[in-house]
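# Observations on chain architecture
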Amino acid sequence: MKALCWYGKHSVSVENVPDPKLLNPRDAILRVTRTAICGSDLHLYDGYIPTLEAGDILGHEFMGEVIEVGAAVKNLRVGDRVVVPFTIACGNCFFCRHQLWSCCDNSNPNAWVLEKLYGYSGSGLFGYSHMMGGYAGGQAQYVRVPFADVGPIKIESDLPDEKVLFLSDIFPTGYMAAENAGIQQGDTVAVWGCGPVGQFAIRSAFLLGADRVIAIDSYPGRLRLAEAAGAETLDAGEGNIQERLREATAGAGPDGVIDAVGMEAFAHSLGGFYDVVKQQLKLETDRPTALREVIMACRKGGHISVPGVYGGYVDKFPLGAIFGKACHFATGQTHVHRYLRPLLERIERGEIDPSSIISHHFPLQQAPQAYDLFLKKKNECIKVVLDPWAKAA
Amino acid sequence: MSDSRFTSLSAPERWSWIGAGAALLGYAALRRGALAIPAAAAGSYLLLRGAANRRPGAELAHRPGRRRLARSVMINRPPDEVYAAWRRLEDLPRFFPHLESVTVRDDKHSHWVARSRLSGKLEWDCEITDDQPGRTLAWRSAAGMGFKHSGEIHFRPGPPQRGTRVELRWSYRVPSAWRGMLALVGEAPGQVAREGLRRFKQWMEAGEIATIAGQPHGPRTRLAELAPLFSPAPPVHEPTPLRPEWLERTGTA
Ligand SMILES: NC(=O)c1ccc[n+]([C@@H]2O[C@H](COP(=O)([O-])OP(=O)(O)OC[C@H]3O[C@@H](n4cnc5c(N)ncnc54)[C@H](O)[C@@H]3O)[C@@H](O)[C@H]2O)c1
Ligand SMILES: [Zn+2]
Ligand SMILES: [Zn+2]
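Here is what the cut-offs are and how they apply
- Sequence order as written defines the numbering, with residues in each chain counted from 1.
- Starting at A for chains and at 1 for ligands, labels are handed out in the order in which the entities are written.
- A pLDDT threshold of at least 70 governs which residues receive local features in this predicted model, and a stricter bar of 80 or more applies before side-chain atom pairs are shown or counted, although totals over entire chains, interfaces and linings include all residues.
- Here the side-chain values reflect all heavy atoms present in the structure, with hydrogen atoms and water set aside.
- For the purposes of this entry, the term helix denotes a DSSP run of H or I that reaches at least four residues, the term strand denotes a run of E that reaches at least two, and both are numbered from the N terminus.
- For every residue, the accessible area (1.4 Å probe, protein chains only) is compared with the maximum for its type, and the residue is labelled buried under 20%, exposed over 50%, or partly exposed between those bounds.
- Residues count as neighbours in contact if any of their non-hydrogen atoms are within 4.5 Å of one another.
- In this description, buried area is defined as the sum, over both parts, of the accessible area (probe of 1.4 Å) that is lost when the two are combined.
- Here a salt bridge means any side-chain nitrogen of Lys or Arg lying within 4 Å of a carboxyl oxygen belonging to Asp or Glu.
- Whenever a nitrogen or oxygen atom comes within 3.5 Å of another N or O atom, the pair is scored as a polar contact, on the condition that within protein one atom can donate a hydrogen and the other can accept it, and that pairs from neighbouring residues in sequence are kept only if both atoms are in side chains.
- Asp, Glu, Lys and Arg are counted as charged, while Ala, Val, Leu, Ile, Met, Phe, Trp, Tyr, Cys and Pro are counted as nonpolar; the rest, among them Gly, fall into the polar class.
- An automatic or database domain assignment supplies the start and end points of every domain.
- The disulfide definition used here is simple: a pair of cysteine sulfur atoms within 2.5 Å.
- Two strands form a pair only when DSSP identifies at least two bridges running between them.
- Handedness of a crossover is defined as follows: orient the strands so they point away from the viewer, and if the path from the first strand over the helix to the second runs clockwise, the crossover is right-handed.
- To estimate the expected span of a helix, count its residues, drop one, and scale the result by 1.5 Å.
- This arc describes the spread of directions from the helix axis toward the C-beta atoms.
- Angles run from 0 to 180 degrees between N-to-C directions of axes, and those axes are lines fitted to C-alpha atoms, restricted for helices to the stretch in contact.
- Put simply, angles under 35 degrees are roughly parallel, angles over 145 are roughly antiparallel, angles from 65 to 115 are roughly perpendicular, and the rest are oblique.
- Each crossing gets its handedness from the near helix: less than a right angle anticlockwise from the far helix is left-handed, clockwise is right-handed.
- Think of the donor list as every N, O and S atom within 2.8 Å of the metal, or within 3.2 Å for Na, K and Ca; water never makes the list, so a site can look incomplete.
- Irregular is the default label, applied whenever a site is not tetrahedral (four donors, all angles between 85 and 135 degrees) and neither square planar nor octahedral (four or six donors, opposite donors over 155 degrees apart, all other angles between 65 and 115).

### Details of unusual backbone geometry
Unusually for a residue other than glycine, A326(A) sits at a positive phi of about 50°. Relative to the elements of secondary structure, A326(A) occurs in the loop between α11 (319–324) and β15 (328–331). Residue class for A326(A) comes out exposed when judged on its relative accessible area of 52%. Non-glycine residue Q161(B) carries a positive phi angle of around 65°.

See below:
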């Protein structure tokens, strides 16, 4: 089959590789019908996540048709159409039983690596480095899905792939980010980053009853898409976000603040340049430029929600501000399984159309160009969907 | 009994070790190439042992000291079920990748074969010394064979709704000079115990052991091929069947 493989910083290519086989009794094999590139893939592409190996297949947002099931998979049949959560979870451990799916104890064969880094290891993930399990990803024509009896959700309606594909990650991620913002009636929520995750956080904040959402980014196309969802916008390039948010909230600060940017925040001040240099020199692993601003802007007793990915250590983390304002702090890989059913129902009821954020379609063959386009945000690129079976143009 | 580790050397012997070490270091510095690194390592070793007034290699002759370790894990299944699965000793190689086989002879006796990256094949006989169903199992390896150790495993009910607290204790002898090397090749006993318990937990809770061995990938570079060789969690190569009781007792959540 054809699959997108990682070969180093800014180096990916489509290779012919063997088809995946069933390895365990709870596995299924899918023929992938659609897959997408995520902002998280850019952290791999930029070389910020260690323990990838040359030749690893990327991709954790995908859906497809079941073509084979293992002996223990009783709920799926060949021919079923399913969307697969990017977190791999067993369904039976303490964490899965408590709906903390991205903390599953039993799905990371290389848990020892993360134990050294974090104390304890989270769940395995598709296509996201060997410390996260080393599972081959879904930017491919076929993919092996472990624990297929608990993860995949069947799509029984005739909704097109593009409307349900993002249940695999970014819609639940934006939704959990909004939940973590503790939204109450009358709340104002500020969202940093209007990439795909930010877009879903904005839409979810409204679904959860936010009165106002203020969206922050510096790409005009992305800000326009946020406006289309009903958000007010601030151009980060114009600086002084803190003051503008204070004014926008009559001196109080937003009730909930969401960092949908992550470890590769860009700098629009000298302070941010400091992090670029430190990260290049490997003195810190992540650039918390947006995160600091998020924390400083939060109102007293407010909720700080961090869906953006961080991998290691950051400098000058304003812990005192979180303490001094008695803020809540919530973060983590999304517990995707929790949200599949309720969010699919919202899509079916027409409360949201996830396909509205797609800016580009490519055949898998052209995935390397698509990565470059998405990284540099050229041609107003917001979200790329790949078709593994289309002929290259 | 005189212990060679603690006897000092005669002056000529001492200086000849120092001289040999310095010569090897000099060779490594001047010649570079493939032999430089081992030569430098051996040279530094000889030099340091000479300077410390100890005969090189004496630590290998020394009788290994007795070491103990304890590792525990919480398993979300009741103690009887967890005990029963562990008691099927022939299944243990599924969890401990360095074990090749366990052959059960009778209620008390079994034969074990293991393979270490460092010392190759090891074999020993084992005798069960205490067996309390649902609670405890203790064993000891037969005198004078393979990996000399004794161990016990305890199964206690965890806090409400948390399953079973499993504690594995080992007492073993490994030559002290080996300990560092075992850690380097991912075979430090503490890590072996931790990885074994982790896989046992997966088998109990998930019914199978997570693996990526045999999945596709693009062409690899030499370096990427080497990576798994030193892992303390080498991939499970043989796919495991589902744990027989899993579907009826646990099933899909
Ligand atoms: N928690 C999870 O489970 C999960 C899941 C998916 C993605 N993520 C993470 O969410 C983050 C966003 O993902 P995405 O797909 O939207 O990526 P993206 O790269 O498309 O979006 C990031 C956006 O942040 C903007 N930005 C950068 N610096 C900023 C700053 N200082 N202030 C304001 N905006 C700034 C960029 O212009 C960009 O539009 C990434 O870190 C990704 O890894 C997390
Ligand atoms: Zn993602
Ligand atoms: Zn689990």
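### Here's the deal with the interface of chain A and chain B
As a measure of interface size, the accessible area lost when the parts come together is often cited. Between chain A and chain B, the residue contacts involve 46 residues of the former and 39 residues of the latter. Taking both partners together, chain A and chain B bury about 3300 Å²; carbon and sulfur atoms supply 53% of that area. Among the residues of chain A in contact with chain B, L23(A), N106(A) and W112(A) are the three that bury the most area, contributing 18% of the side total. Counting every contact that joins chain A to chain B gives 3 salt bridges. Close ionic contact of R220(B) with D56(A) constitutes a salt bridge, the shortest N to O distance being 2.7 Å. Inspection of the chain A/chain B interface yields 15 residue pairs in polar contact (both at pLDDT 80 or more). Put simply, the parts of the chain that give the side of chain A that touches chain B at least two residues each are β1 (2–8), α2 (94–97) and α3 (111–118) of chain A. If you tally residues by element for the side of chain A that touches chain B, the top one is α3(A), at 4 residues. Classifying every residue of the side of chain A that touches chain B gives 21 nonpolar, 11 polar and 14 charged.

### What about the domain arrangement of chain A?
All names here are of chain A. When cut into domains, chain A gives domain 1 (2–169 + 334–387) and domain 2 (173–331). Each of domain 1 and domain 2 has a C-alpha centre, and these two points are 25 Å apart. Residue-level contacts link 27 residues of domain 1 with 23 residues of domain 2. Summing both sides of the interface, domain 1 and domain 2 together bury roughly 2300 Å²; the carbon and sulfur share of this comes to 60%. Together, Y48, I357 and I382 form the three largest contributors to the area buried by domain 1 at its contact with domain 2, with a combined 26%. Taken together, domain 1 and domain 2 are joined by 1 salt bridge. Between E380 and R224 there is a salt bridge, with the nearest N and O atoms lying 2.9 Å from each other. The tally of links from domain 1 across to domain 2 stands at 8 residue pairs in polar contact (both at pLDDT 80 or more). Within the residue set of the side of domain 1 that touches domain 2, elements represented by two or more residues are α1 (39–45) and α12 (336–348).

### Regarding the environment of H360(A)
Residues and elements named next belong to chain A. Here H360 shows up in strand β16 (residues 360–363). As a C-alpha pair, H360 and P18 span 342 residues in sequence and 28 Å in three-dimensional space. Discounting chain neighbours no more than four positions away, the residues touching H360 are L373, K378, N379, E380, C381, K383, V384 and V385. There is a polar contact of 2.9 Å between the side chain of H360 and the side chain of S359.

### Brief notes about the state of the cysteines
Here a disulfide denotes a covalent bond joining the sulfur atom of one cysteine to the sulfur atom of another. Residue and element names in this part refer to chain A. Tallied over the full model, the rule gives 0 disulfides over all chains. In this structure C103 is not part of a disulfide, and its nearest cysteine sulfur, from C93, lies 8.8 Å away. Looking at the unpaired C298, the closest cysteine sulfur is the one in C327, lying at 3.8 Å. Accessibility expressed as a relative area gives 3% for C298, which makes it buried.

### Focus: the pairing of β16(A)
The side chains of a regular strand alternate, first on one face of the sheet and then on the other. All names here are of chain A. With 4 bridges connecting them, β16 and strand β17 (residues 384–387) associate as parallel partners. In the strand pairing of β17, F362 is matched with L386. Since β16 and β17 lie parallel, the crossover through helix α13 (residues 367–376) that links them has a hand, and here it is right-handed.

### A short note on helix α2 (residues 36–51) of chain B
Each α-helix turn comprises 3.6 residues. Residues three or four places apart therefore point the same way. All names here are of chain B. In this model, α2 (16 residues) spans 22 Å end to end at C-alpha, consistent with the 22 Å of a helix rising 1.5 Å per residue. Every buried residue of α2 is accounted for by A36, A39, G43, L46 and G50. Considered in projection along α2, the buried side chains sweep an arc of 100° and stay on one side of the axis. What points out from α2, more than 90 degrees from its buried face, is the exposed set I37 and L48. Considering only its buried residues, α2 is in contact with α1 (11–31). Positive backbone phi, approximately 65°, marks N53, located one or two places after α2.

### Observations regarding the packing of helix α8 (residues 241–248) of chain A against helix α10 (residues 289–297) of chain A
Residue and element names in this part refer to chain A. Contact geometry for α8 and α10: axes closest at 10 Å, N-to-C directions at 30°. In this view, α8 runs roughly parallel relative to α10, as classed from their interaxial angle. Considering how the two elements wind past one another, α8 and α10 form a crossing that is right-handed. On the side of α8, the interface is formed by I241, Q242 and L245, while α10 contributes E293, M296 and A297.

### Examining the coordination of the zinc ion (ligand 2)
Residue and element names in this part refer to chain A. Only C38 (SG), H60 (NE2) and D169 (OD) from the protein reach the zinc ion (ligand 2) as donors, at distances of 1.7 to 2.2 Å. Mapping the donors of the zinc ion (ligand 2) onto the primary sequence gives the spacing C-x21-H-x108-D. Residue H60 is located in the loop between α1 and β4 (61–69), and its partner D169 is located in the loop between α4 (161–164) and α5 (170–180); the two are separated by 109 residues in the primary sequence. The exposure class of D169 is buried, given its relative accessible area of 3%.

### Side note on the coordination of the zinc ion (ligand 3)
All names here are of chain A. For the zinc ion (ligand 3), the full set of protein donor atoms is C90 (SG), C93 (SG), C96 (SG) and C104 (SG), and the range of their distances to it is 2.3 to 2.5 Å. One can describe the donor arrangement at the zinc ion (ligand 3) as tetrahedral, given that its 4 donor atoms subtend angles of 101 to 116° at the metal. Sequence spacing among the residues donating to the zinc ion (ligand 3) works out to C-x2-C-x2-C-x7-C. C90 sits in the buried class, given a relative accessible area of 0%.

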